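Residue-level listing of the chains:
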Amino acid sequence: MIGWLQGQLADRWQQNNRCGLLLVCGGVGYEVQVVRRHWDQLDGNGASLTLHVHQVIREDSWTLYGFAQRQERELFRELVAVSGVGPQMALGLLGELKAEELVRAIVQ
């Protein structure tokens, strides 16, 4: 299981409401989806980047989701464990609110 990556930003992409990047680590490029807020703050290609990663393995795909902070990744994992909340919805929620704000909103 991939849990953490450190490398250089090689490319950024956006497809509909999904934002992602290509992170080159040791000569291997990993495509990672990230929250919009983090994607907007990325430096240019070649910038050093560290991500806490959640990996989803399905029959037809392997997908990596990256987070700037470990707490965001843990909250993402809690969200996708809820029935009816998938990875894209969890990313959307984390993209709209910071982790602390989202937790506060859920508790209230």
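Whatever comes next refers back to the structure up there.
Residues numbered from 1 in each chain as written. Predicted model: local features only at pLDDT ≥ 70, side-chain atom pairs only at ≥ 80, totals over all residues. Heavy atoms only, no water.

Caption draft 1: How the structure looks around the pairing of strand E4 (residues 48–58). Summarising the sheet, strand E1 (residues 4–15) and E4 pair through 5 bridges and their orientation is antiparallel. Its bridge partner lying in E4, glutamine 6 is registered against threonine 50. With 7 bridges joining them, E4 and strand E5 (residues 61–67) adopt antiparallel strand pairing. Bridge pairing links valine 56 to threonine 63 in E5. Connecting the antiparallel pair E4 and E5 is a turn made up of 2 residues. (Pairing = 2+ DSSP bridges. Helix = DSSP H or I, 4+ residues; strand = E, 2+ residues; numbered from the N terminus.)

Caption draft 2: Local environment of the environment of histidine 38. Tracing the backbone through its elements, the reader meets histidine 38 in helix H1 (residues 36–40). On the basis of relative accessible area, histidine 38 is assigned to the buried category, the value being 12%. Remark: the alpha-carbon pair of histidine 38 and glycine 95, spanning 57 residues in sequence, is separated by 7.8 Å. Sequence-distant contacts of histidine 38, that is, excluding residues within four places in its chain, are made with Leu49, Leu51 and Ala68. (Buried < 20%, exposed > 50% of the residue type's maximum accessible area, 1.4 Å probe, protein only. Contact = heavy atoms within 4.5 Å.)

Nothing here speaks to function; it is geometry throughout.
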